[in-house]
Amino acid sequence: MKIISGSPLTLPLFVVPFVLSPAVFAEQEQTMIVSASPQTVSELDTPAAVSVVNGEDMRQATPRINLSESLGSVPGLQIQNRQNYAQDLQLSIRGFGARSTFGVRGIRMYVDGIPATMPDGQGQTSNIDLTSIDSVEVLRGPFSALYGNASGGVINIATETGQQPPTLEASSYYGSYGTWRYGLKATGAMGDGTHAGDVDYAVSTTRFTTHGYRDHSGARKNLANAKLGVRIDDVSKLTLIFNSVDMKANDPGGLDYQEWQNNPRQSPRGDQYNTRKTIKQTQAGLRYERQLSEQDDLSVMMYAGEREMTQYQSIPYQPQLRETHAGGVIDMQRHYQGVDTRWTHRGELLVPVTVTTGLNYENMSENRRGYENFVMNNGAPEYGVKGDKRRDERNLMWNVDPYLQTSWQLTQKLALDAGVRYSSVWFDSNDHYVQGANGDDSGEANYHKWLPAGSLKYAVTDGWNLYAAAGRGFETPTINELSYRSGEQSGLNYGLKPSTNNTYEVGSKTRIGNGLLTAALFRTDTDNEIVVDASSGGRTSYKNAGKTRREGFELALDQQFAENWKLKMAWTWLDATYRTDVCSDGGCNGNRMPGIARNMGFASFGWEPEEGWYAGSDVRYMSDIMADDENTAKAPSYTVVGLNTGYKLNRGNWGMDIFGRVDNLFDKEYAGSVIVNESNGRYYEPAPGRNYGVGLSVSYRFQ
């Protein structure tokens, strides 16, 4: 049984958290998304493609370092570890986000209600603490449009809420290539959370270091996460959220095919240019929830944060000698803040109806500077050293989005959900570096779009639902995508237009014993798709690709049987193609879009009792992935197998979990990800061969 408490930015259909009584916990057998009302909405009853992964399942015999370890069971989600912590995971939903050369693109991400995606649509996963995750919700398809500037979907991460008894846990993991993670977590509560003055808390801190599989790929990350809740009175609660990450990572870069075959662990450009990145981010949020009446709830989320980043790129010094070049070092500081206010009313208008309306405001200010990545030493360049300034600008971006969501129970078996969001995004840049041939590149742009979405659900039986959904999506260029023009021209890429898409989906959800079988068939047509134009030396320019189409099928089974046996299976077929010519030779119409696998498969099977020996295995399949628009290069398909076993022991107040695992059991040589349209043909980011790890966690309950 898995019960998931939603955050205030859980799927718009389900809104604010509601505290369940112990009796309700005892009665539920499904994974539930908890709504603001006493009634609950399950994955079975949700008229959209949504998957919920429980935090305990994510920590079952895993390193607890990357989201890619434990989200393979989500259909439609392509998540790959680049083995490059300077560039983050490569994450896409139904093909959206696959073009991203770093960070997460085309997907809205939230952690405890605070966006991990900036107002421009660029996100990152480096601040997510897997040791304290309570649940991960992945929404795909038309209803993701109700979150605004995201085409592919929404990932909502909720961390644990402290409860009695107070518990202290220490955990560690040691694996191949000098990988080491250790952390400490404390959770607890004073009171049962229903009376004024009751407090709950969850605090965790983690340190991660690795030498890296490849040369010049070492990394170090310190992470802290905290959540403190205070019950103000019997109808309101205040929650304080804090998160901080400090990371240093070398960047091994991509390899061309011959380099990959000769030595997949090498990093010739990383060694030559000392490519690397440092990140520091701190953020805090305050969430206020109030039950105004039996029919009305109010939720207000406020947050603010700052992020500093310095990146050294592999750009030769000769191009940087031009006055219009922005240099090979990016030095950036960002400040961001926002507020989301939401009101929910449950009543009747001929039929039972739930109405949610709200206003979301976000803004970000960025100071971006560029420097040469070299200094001259006896007439020769010494790379990896910050040189003369070549860029200095202040960028502002903000959005104001009102939204409305309604849910109508038309008959006992038929339900209608409909909503709309009006998304407005503004961008303004002020250039402070105007010298010689490098002119004033200041400018502004704004984008506006109505984003409707709707669905019909029909309950064939109590355990079988069918639904049909449609919606319009919207994706603006990010600041990074606007930063460079094609052909190494100076100035910002104001010719880049936002992309819009229309998605249609039909699905089926069936309860099978103590499990759920889901299937979805979808098609998305996009105008002005934003794609990579050229990528070289860590610098990428973008262009609009005209029309594209994504159509596919998703199938998933999450089954528990004979009490302790668990089976998860997922399959995704996705055909993503260009519908217009986007290549310089005009020959790309009908080509597959790069970075997207046509087929993905996952299966895991394990014996997982609450105490004693446990064991499991997983199999992952990825079909070939095109690396460029011309479809002249690709990363071959692969299948990898993992095994794990461990032992759980509970004695009095003490608990222990010790495990070992092996990944890529058959030592398959494959590319874990590709750099789309890399101008020098260095598309490939190799994955490690057979690798091992052991982990240990010890906990004490203060009872």
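Residues numbered from 1 in each chain as written. Predicted model: local features only at pLDDT ≥ 70, side-chain atom pairs only at ≥ 80, totals over all residues. Heavy atoms only, no water.

Cut-off, in case you're wondering: UniProt positions are given in the numbering used here, feature names are shortened, and annotations may be inferred rather than shown by experiment.
Per an unreviewed UniProt entry, the protein is named TonB-dependent receptor, and its organism is Pseudenterobacter timonensis. Recorded under Subcellular location (unreviewed entry), the UniProt text for the protein is reproduced unchanged: "Cell outer membrane".

Overview of the overall build of the protein
Keep this limit in mind: A run of H or I in DSSP becomes a helix once it reaches four residues, and a run of E becomes a strand once it reaches two; helices and strands are each numbered from the N terminus. Values of the radius of gyration come from C-alpha atoms, whereas the globule rule sets the reference at 2.2 Å times the count of residues to the power 0.38. Residue contacts follow a heavy-atom distance rule, with two residues in contact if any of their heavy atoms lie within 4.5 Å. Using a 1.4 Å probe, accessible areas were evaluated by the Shrake-Rupley method; residue-level cover was limited to the displayed protein chains.
Within the protein, the regular secondary structure consists of six helices and 42 strands. The C-alpha atoms of the protein give 25 Å as radius of gyration, which agrees with the globular expectation for 703 residues (27 Å, within 12%). In the protein, of all internal contacts separated by at least 6 residues, the share reaching a separation of at least 24 is 66%. Surface accessibility of the protein: about 26600 Å² in total, with carbon and sulfur atoms responsible for 54%.

Points about the packing of aromatic side chains
Test applied: Working definition: a ring pair exists when centres of Phe, Tyr or Trp rings (six-membered ring for Trp) sit within 6.5 Å. Plane angles under 30 degrees give stacked, over 60 give edge-to-face, the rest tilted. For every residue, the accessible area (1.4 Å probe, protein chains only) is compared with the maximum for its type, and the residue is labelled buried under 20%, exposed over 50%, or partly exposed between those bounds. A ring has a charge above it when a Lys NZ or an Arg CZ is no more than 6 Å from the ring centre and no more than 35 degrees off the ring normal.
Under the counting rule described, the total for this entry stands at 22 aromatic pairs. Seen in terms of ring centroids, W398 and W426 are 5.9 Å apart; in terms of plane orientation they differ by 10 degrees. Their pairing is stacked. One end of the pair, W398, is in strand 24 (residues 389-409); the other, W426, is in strand 25 (residues 414-431), and 28 residues separate them in sequence. Using a relative accessible area of 29% as the deciding quantity, one classes W398 as partly exposed. Members of the aromatic cluster, each reached through a chain of ring pairs, are Y257, W260, Y683 and Y684. Sitting over the face of the ring of F96, R550 holds its NZ or CZ atom 3.7 Å from the ring centroid.

Re the nonpolar core
This is how it is decided: Remark: nonpolar core denotes a set of buried residues (Ala, Val, Leu, Ile, Met, Phe, Trp, Tyr, Cys) joined through side-chain atoms within 4.5 Å.
One finds F427, Y447, M622, V674 and Y684 to be the most contacted residues of the largest nonpolar core, which totals 40 residues. Listing elements by their share of this core, those giving two or more residues are strand 19 (296-312), strand 25, strand 26 (443-461), helix 6 (479-482), strand 30 (530-536), strand 38 (638-651) and strand 40 (671-674). The leading source of residues in this core is strand 26, at three residues. The residues contacting Y684, other than those within four sequence positions of it, are G254, L255, D256, Y257, W260, A633, K634, A635, A671 and S673. By size, the runner-up hydrophobic cluster in this structure holds 22 residues, among which are V111, A116, I133 and V136.

A short note on unusual backbone geometry
Among all residues save glycine, negative phi is the norm, and among peptide bonds the norm is trans. Each neighbour pair has its own omega, and for Q164 with P165 the value is 0 degrees, a cis peptide bond. By the secondary structure assignment, P165 is in the loop between strand 12 (153-159) and strand 13 (167-175). At D88, a position not held by glycine, the phi torsion is positive, near 70 degrees. You can see D88 is positioned in the loop between strand 5 (77-80) and strand 6 (90-93). Positive phi outside glycine occurs at E563, with the angle close to 75 degrees.

Concerning the pattern of salt bridges
Quick reminder of the rule: By definition here, a salt bridge exists when the distance from a side-chain nitrogen of Lys or Arg to a carboxyl oxygen of Asp or Glu is within 4 Å.
The tally for this structure, following the rule as stated, stands at 40 salt bridges. Here E362 makes a salt bridge to R108, at a shortest N to O gap of 2.8 Å. Of this pair, E362 sits in strand 21 (residues 351-371) while R108 is found in strand 8 (residues 107-111), placing the two residues 254 residues apart along the sequence. Judged by relative accessible area, E362 falls into the buried class, the value being 2%.

Thoughts on the pairing of strand 33 (residues 565-578)
The side chains of a regular strand alternate between the sheet's two faces. Under the convention used in this document: Only strands that DSSP links by at least two bridges are regarded as paired with each other.
Note that strand 32 (residues 547-561) and strand 33 share 14 bridges and pair antiparallel. Residue pairing in the sheet places T548 in a bridge with Y578 of strand 33. Count of turn residues in the strand 32/strand 33 antiparallel hairpin: three residues, of which A562 carries a positive phi of about 50 degrees.

Some words on the sheet that holds strand 4 (residues 49-54)
Taken in spatial order, the five strands make up an open sheet running 4-11-12-8-9, and their pairing is mixed. The two strands at the open ends of the sheet, each matched to only one other strand, are strand 4 and strand 9 (114-115). Across seven bridges, strand 11 (residues 133-140) lies against strand 12 in antiparallel orientation. Opposite E137, over in strand 12, you have N156 as the bridge partner.

Digging into the confidence of the model for the protein
The condition is simple: For every residue, the predictor assigns a confidence score, pLDDT, that lies between 0 and 100.
On average, residues of the protein score 89 in pLDDT, and 92% of them are at 70 or above. Low pLDDT (under 50) marks residues 1-41, which in the prediction has 111 contacts with non-local residues, meaning those over four places away or in another chain.

Side note on the pairing of strand 23 (residues 380-383)
Direction of pairing for strand 22 (residues 374-377) relative to strand 23: antiparallel, over a ladder of four bridges. Looking at strand 23, one finds that M376 is bridged to P381. In this antiparallel pair of consecutive strands, strand 22 and strand 23, the connection spans two residues, and N378 shows a positive phi of 55 degrees.

Remarks on the environment of L349
Considering the arrangement of structural elements, one finds L349 in strand 20 (residues 329-349). What makes L349 exposed here is its relative accessible area of 53%. Residues L349 and L492 lie 143 residues apart in sequence; the distance between their C-alpha atoms is 51 Å.

Quick look at a nonpolar patch on the surface
For clarity, the threshold we go by: Like charges within 9 Å and nonpolar side chains (Val, Leu, Ile, Met, Phe, Trp, Tyr) within 5 Å are joined into patches, using only residues over 30% in relative accessible area that form no salt bridge.
Together, V506, L521, F553, L555, W571 and W573 make up an exposed nonpolar region whose accessible area comes to about 510 Å². For the nonpolar patch, the elements supplying multiple residues, two or more each, are strand 32 and strand 33. On the accessibility criterion, W571 (36% relative accessible area) is partly exposed.

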